[in-house]
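Spelled out, the chains give:
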Amino acid sequence: MLNKIKKILLALAALACLQSTTLNTKAEETLTQDISAVYAIVMDRDTSQILSQKNADEKMYPASMTKLMTAIIAIENFTDLNQTITITQEMLAGLAEAGASVAGFQIGDTPTIQDILYGIALPSGADATNAAAYTLCGSIEGYVEKMNEKAQSIGMTNTHFANTTGLHDENHYSTAHDIALLLQYCLNNETFSTIFSSHDYTTSPLASHPNGILLESTLFKAASINNYAIPGLIGGKTGFTYPAGRCLASWEDVQNMHLITVVADADAYDPYSPHIRDTDTILNALQTWTKQAILTKDNIIKTISVTHPFAETDTIQVKAPDDFTLDLPADDTVSVTCTLPETVSSSNKQQNIEGDLIVTINDQLVYNKRIMVKIKAETNFIDKIANFFNKA
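Novice: I would appreciate a short explanation of the pairing of strand β11 (residues 311-319) in the present structure.
Specialist: Each regular strand shows side chains that alternate between the opposite faces of the sheet. Of the pairings in the sheet, the one linking strand β10 (residues 300-308) to β11 comprises seven bridges and is antiparallel in character. Paired with lysine 302 across the bridge in β11 is valine 318. Between the antiparallel neighbours β10 and β11 lie two residues.

Quick look at the structure:
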């Protein structure tokens, strides 16, 4: 009975405590080295691990990837997707002159908010973005202010929006990394995910189109025309202006990895959708990668034997303090080591036993957490001696 109680006390006293952590998951540059885009990032949307990047924190122009933000602001602020709005001259002013892409809404049409959202997402309609802005805020400027506030709140520290459309403006910029963070945030919203992964959608009946407008995804349409397979592609948003080049922010499921891929400033003069080709190249290369659960919280990482002068040896099972999962090439060599001692001796004082939990990938350190195990002081020393001699 004494030994059973002691084992329980020791188990409770064995505490894995965080002292310090080193985390260094180096991005694999080869994934993005053979693409034409000037800027790129591949990120795990669950863990935020960056698998590969190319100039990902440098300033670039996001073009219509901007509409990821335009859409999520509308989704989060309109409470009824069946609400109708009336298209006005103000909403369409200047779009034709600017060469903006449009969904096709006309003055006097009364689309629903859902129609507007699909008009933003699939054909990249500037008429739809302006309709959302004027309806919600009464002005483009008020809506853009909401966009910039949201950008700051989700950590897009190198981004500034000047309009709702992504039409070129020197003061309208972002980074590939920031756009990935934006898409990661947006994907928490089911309405967003549904809309931006759709291939096509027909609006409700409109005055200008009694049978509704057929809206088609610029992404899936271009992929089909150019016969790009894009393995694992779920959805995304394209973008294009000559200063921004051809851009794409997309998300995919590949080999059980939930990914976000952003490519920007692919050749603006290449007619074969180089932004989609680049994404296809990256996703094909990722077919040899897998998601690996390297550490799982509460799994045993070390068993320590505790010896006693006048009692049987006990064991303490030290468990992983947290989960650690990485997306890795299948041929990478993973090593997990815990430097806590194999054996310790009990004493009449509390002991703090320390060691490191270390993970290396191909002999490179990627994770190092300091672990401390507390072992309570031995008690009832006289009783233990008596018990020892009674057994003898």
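Novice: Looking at this structure, how should I read the side chain of serine 273?
Specialist: Secondary-structure assignment places serine 273 in the loop between β8 (257-266) and α11 (274-285). By relative accessible area, serine 273 is classed as buried at 10%. For serine 273, the residues in contact, after removing those within four places along its chain, are Ala222, Asn226 and Tyr228.

Novice: When you look at unusual backbone geometry in this model, what are you seeing that I'm missing?
Specialist: Most peptide bonds take the trans form, and the phi angle of most residues other than glycine is negative. Positive phi is not limited to glycine here, since asparagine 55 has a value of about 50 degrees. At alanine 63, a residue that is not glycine, the phi angle is positive and equals roughly 50 degrees. With respect to the element layout, alanine 63 can be found in the loop between β3 (50-54) and α2 (67-77). A residue is classified by how much of its surface remains accessible, and alanine 63, at 1% relative accessible area, is buried.

Novice: In this structure, what is going on with a nonpolar patch on the surface? I would like to understand it.
Specialist: Where nonpolar side chains cluster on the molecular surface, the patch consists of Phe240, Tyr242 and Tyr269 and spans about 390 Å² of accessible area. Mapped onto the elements, tyrosine 269 comes out in the loop between β8 and α11.

Novice: Even after reading the chapter, I still don't get the pairing of strand β15 (residues 351-361), so can you show me in this structure?
Specialist: Among the 11 residues in β15, eight count as buried, and that is most of the element. Bridge analysis of strand β13 (residues 334-338) against β15 gives five bridges, and the strand direction is antiparallel. Its bridge partner lying in β15, valine 334 is registered against isoleucine 361. When β15 meets strand β16 (residues 364-375), the two strands line up antiparallel, connected through 11 bridges. The residue of β16 that forms the bridge with isoleucine 358 is asparagine 368. Here β15 hands over to β16 after two residues, with asparagine 362 in that stretch at a positive phi of 50 degrees.

Novice: What should I look at first to understand the sheet that holds β8 in this one?
Specialist: Sheet strands line up and pair through hydrogen bonds in the backbone, either parallel or antiparallel. As summarised here, the arrangement of the five strands in space is β3-β2-β8-β7-β6, forming an open sheet in which the pairing is antiparallel. Because the sheet does not close on itself, it has two edges, and the strands there are β3 and β6 (233-241). Strand-to-strand twist of the sheet, defined as the mean angle between neighbouring strand axes without regard to direction, takes the value 5 degrees. As paired strands, strand β2 (residues 39-44) and β3 are joined by four bridges and run antiparallel to one another. Pairing of alanine 40 across the sheet is with lysine 54, part of β3. Those strands touched by helix α10 (residues 218-225) are β6 and β7 (245-254), and its axis lies near 95 degrees from that of β6.

The rules behind these values
Within any chain, residue numbers begin from 1 and follow the written order of that chain's sequence. Per-residue local features are limited, in this predicted model, to residues with pLDDT of at least 70; the limit for side-chain atom pairs, both in listing and counting, is 80 or more; totals at the level of whole chains, interfaces and linings are taken over all residues. Excluding hydrogens and water, the side-chain values take into account all heavy atoms of the structure. Strands are labelled as partners when DSSP assigns at least two bridges between them. Per the convention used, a helix needs a DSSP run of H or I reaching at least four residues, while a strand needs a run of E reaching at least two, with both numbered from the N terminus. Each residue is assigned to one of three classes by its accessible area relative to the maximum for its type, calculated with a 1.4 Å probe on protein chains only: buried under 20%, partly exposed between the two thresholds, exposed over 50%. Any two residues whose heavy atoms approach within 4.5 Å at even a single point are treated as in contact. Put simply, a patch holds well-exposed residues, over 30% relative accessible area, that have no salt bridge, with like charges counted together within 9 Å and Val, Leu, Ile, Met, Phe, Trp or Tyr side chains within 5 Å. Here the open area of atoms and residues is found with the Shrake-Rupley method and a 1.4 Å probe, where only the protein chains shown may cover a residue. Only one rule defines a salt bridge in this text: a Lys or Arg side-chain nitrogen within 4 Å of an Asp or Glu carboxyl oxygen. All axes are obtained by fitting lines to C-alpha atoms, using only the stretch in contact for helices, and the reported angles, taken between N-to-C directions, cover 0 to 180 degrees.

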